[in-house]
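These are the residues of each chain, in order.
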Amino acid sequence: MRQTRFYVLVLIGMIMFACDSENSNSDSQSDQKIILQLQNLDSRVHTDNAGVVEKQGMPAMPENFFSTESYISKSATIDSEVASDLPLMLIAEVDAPEYDGLVLQATHVCFNGNYAYVSYNVKGASYLGAVDAIDISDPTMPQLAMHAVFPSMDISSLTIKDGVLYMAGARDVDAYENVTNPAVLVKMTLDGDMLSDDILFIELSSYVGTDVVAGENDYYCVSGNTGALSTFTFSEDLLTSSINTDDLRAVGIDGDKLVTLSGTQGVHVYTLSTMAEATSFTVSSDVAEAKRTIDFYDNHVLVSEGYDGLGVYSLADGSQKISIPVASITDPEIIAEEVVCNAVTVNDEHIFMAEGAAGVVVYSLVANGLDNPVEIGGLSLEGSANYVKSGDDYIFVADGTGGLKILKVLSCADDEGDTGEETPTYTCSSYPAYTGNSWLNVNSNDDQAYSGSASLGGMNISAQLIWCGSLAVSQHVNVNSQGEFVIIGSLATGQKKNGNASSGTSLIVNQKMIVDGSLVVYGDLIVNSGGSLEFVGSSSSIAVYGDVTINNSGEIIGDYTDETGNVKL
């Protein structure tokens, strides 16, 4: 146990507040502190490695597939693997915060409009927590808007409802008066979207609050070890019910059901309106005190089960739908015992699993749903994955003390487009989904058209290629002298390398390219002599993070928004 520490104002924008409340179910004294920081936060956010995210094990570029010297397509032998249907970009990385010589690690993420809120704690016996408020209104450049430190409290989880941030965690009982149990629920009323000192502490049973979720009329918190599922009213923060359950790890709401996960007693499903138990069932027993999460899809609960991978169970009767083991490891530098499913999240039609040393592993539900998820595989991200959470088109990945990675799913601008009066209308709904490999070679006199989403390694285009939907290409896109590339929707291509966008990836236009939607180039854009990049439609845009080169009679024409300010020169 530690003595209470006293801090003073040391920076403009860093403020220490004493927090109290008149509410009878909270403790109130002057030595409870939160430190709010508004300044000197930009250095924690980096875009040095932004770009298209590849899947692990994607075949290398075939020999002679692409030539930077001649800009022509050549014959190539391509492996028979199938391209991913998940176009994904790494848009930023956020360093883990430090305080008093300790590096914190992310524990949870929740989303509200243009903001994401991230909670932190530290490993070991020390009590120390923090919260980041991250502005994600600009999908190409997230901003760390505010940071809060709780010097004597861990934060395990958080959620948001109607301008209030609810946080579950544990606090040092020696640093707070009249406190018996370390487990705590903290209610912070936000100042707009910003963090504030308007906080209320509610004591829970057991040693740590592990998760919290907000419903329509009440909010619910679970605590571990000899803990309970506790229900509180929004209006007066009154405890209306408490259901004792040991070793609770997670709580979630799916429709009219509230679901809890215990490391020793499995899953319990309650009817929200009455809090009566509808069903319960066992899942794999788990390592004590480990972080675990649940998510929902099609009336099923997805459970991260540690060394046993992912379990998917019916909420109606508890029957197991499928079980997905953790990733098989062939890298000798990865220790098998460090491959464990810590967390699971579902984004639209994809399952993301945080599997420790194996990183983030993804399965697609697009073709078969839960009947037979299609393995996309691991994502090529540096570091491990201790936690993953999705919200809208964003995926947040926590790498312990290595900080956060912010990913974004490339979304479709339109399902079907019309490039204007002077060009034909493309019937996107009639085009099939792409089912080829990661290196797309469109040969002369072999016109092709596709719809939907895909992630590729590279493209060589020597005939007409129409793509309606969202497309991510990690390496090169080359429109040859006989080619025409029409993108109706969104295209992202290239990767930065340690801050260098001109690191080898490129979009090269030798003939004709038409964009009706969004174009993001994380490498270089080259329009050679005779080449034309034309933007059509009413809301097209381009962002180029490398160099822009327009040679001789090459041209970039049409109405578009220059997001990076280096194209319309």
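Here goes a summary of the coordinates provided. In this text the structure is predicted, and so the values were computed from the model without any measurement.

**Some thoughts on the pairing of strand 10 (residues 129-135)**
No. 1: Burial analysis of strand 10 places 7 of its 7 residues in the buried class, which makes it a mostly covered element.
No. 2: Residues Gly129, Val131, Ala133 and Asp135 of strand 10 are buried on one face, and the alternating residues Ala130, Asp132 and Ile134, pointing to the opposite face, are buried as well.
No. 3: Of the pairings in the sheet, the one linking strand 9 (residues 115-121) to strand 10 comprises 6 bridges and is antiparallel in character. Note on strand 10: the bridge partner recorded for Ser119 is Val131.

**Observations concerning the pattern of salt bridges**
No. 1: In this structure the tally under the stated criterion is 8 salt bridges.
No. 2: Arg44 is the salt-bridge partner of Asp132, the closest N and O atoms lying 2.6 Å from each other. Placement of the pair is Asp132 in strand 10 and Arg44 in the loop between strand 2 (33-37) and strand 3 (45-46), with a sequence separation of 88 residues.
No. 3: Note that Glu216 and Lys161 form a salt bridge whose closest N and O atoms lie 3.9 Å from each other. Here Glu216, found in the loop between strand 16 (209-214) and strand 17 (218-223), pairs with Lys161, found in strand 12 (residues 153-161); they are 55 residues apart in sequence, far enough to count as distant.

**Regarding the sheet that holds strand 19 (residues 239-244)**
Sheet strands associate in pairs through backbone hydrogen bonding, adopting either a parallel or an antiparallel arrangement.
No. 1: With respect to topology, 4 strands assemble into an open sheet ordered 16-17-18-19, the strand pairing being antiparallel. Whereas interior strands pair on both sides, the edge strands pair on one side only; in this sheet they are strand 16 and strand 19. In this sheet, adjacent strand axes meet at a mean angle of 15° when their direction is disregarded.
No. 2: Looking at chain direction, strand 18 (residues 228-233) and strand 19 are connected through 5 bridges and run antiparallel. Bridging from a neighbouring strand, Leu229 pairs with Ile243 of strand 19.

**Digging into the nonpolar core**
When a protein is soluble and globular, its nonpolar side chains tend to lie buried together.
No. 1: Membership of the largest hydrophobic core comes to 53 residues, with the highest contact counts inside it found for Leu88, Ile134, Phe352, Leu379, Phe396, Leu404 and Leu407.
No. 2: Counting residues per element, this core draws most heavily on strand 5 (residues 88-94), at 6 residues.
No. 3: Aside from chain neighbours lying at most four places away, what touches Leu407 is Val53, Leu88, Met89, Leu90, Leu379, Leu381, Asp393, Tyr394, Ile395 and Val397.
No. 4: Core analysis: the second largest hydrophobic core is formed by 34 residues, Met459, Val477, Val509 and Val567 among them.

**Concerning the state of the cysteines**
No. 1: Counted by the stated rule, this structure contains 1 disulfide.
No. 2: Covalent S-S linkage joins Cys428 and Cys468, the inter-sulfur distance amounting to 2.0 Å. Taking the torsion about the S-S bond as the criterion, the Cys428 to Cys468 disulfide, at about -60°, is left-handed. Linking Cys428 in the loop between strand 34 (404-409) and strand 35 (439-442) with Cys468 in strand 37 (residues 464-479), this pair joins segments that are 40 residues apart in sequence.
No. 3: With relative accessibility at 1%, the residue Cys428 sits in the buried group.

**Looking at the packing of aromatic side chains**
No. 1: Under the defined criterion, the tally for this structure stands at 13 aromatic pairs.
No. 2: Aromatic side chains Phe281 and Tyr313 sit 5.3 Å apart centroid to centroid with 35° between the ring planes, which places their arrangement in the tilted category. Placement of the pair is Phe281 in strand 23 (residues 276-281) and Tyr313 in strand 26 (residues 310-314), with a sequence separation of 32 residues.
No. 3: On the accessibility criterion, Phe281 (9% relative accessible area) is buried.
No. 4: Centroid distance Tyr522 to Tyr545: 5.2 Å. Interplanar angle 10°. Geometry classified as stacked. With Tyr522 in the loop between strand 40 (512-521) and strand 41 (524-527) and Tyr545 in the loop between strand 43 (541-544) and strand 44 (548-550), the pair connects residues that are 23 residues apart, well separated along the chain.
No. 5: Given the relative accessible area of 3%, Tyr522 is considered buried.
No. 6: For Tyr545, a relative accessible area of 25% corresponds to the partly exposed category.
No. 7: Three or more aromatic residues joined by ring pairs form one cluster here, namely Tyr166, Tyr219, Phe232 and Phe234.

**Quick word on the pairing of strand 36 (residues 448-461)**
No. 1: When you tally the buried positions in strand 36, you get 12 out of 14 residues, the bulk of the element.
No. 2: In the sheet, strand 36 pairs with strand 37 via 13 bridges, with the strands oriented parallel. Pairing of Ala454 across the sheet is with Leu471, part of strand 37.

Rules used in this analysis
- Residues numbered from 1 in each chain as written.
- Predicted model: local features only at pLDDT ≥ 70, side-chain atom pairs only at ≥ 80, totals over all residues.
- Heavy atoms only, no water.
- Buried < 20%, exposed > 50% of the residue type's maximum accessible area, 1.4 Å probe, protein only.
- Helix = DSSP H or I, 4+ residues; strand = E, 2+ residues; numbered from the N terminus.
- Pairing = 2+ DSSP bridges.
- Salt bridge = Lys/Arg side-chain N within 4 Å of Asp/Glu carboxyl O.
- Axes fitted to C-alpha atoms, helices over the stretch in contact; angles between N-to-C directions.
- Core = buried A, V, L, I, M, F, W, Y, C linked by side-chain atoms within 4.5 Å.
- Contact = heavy atoms within 4.5 Å.
- Disulfide = S-S within 2.5 Å.
- Phe/Tyr/Trp six-rings, centres within 6.5 Å; stacked < 30°, edge-to-face > 60°.

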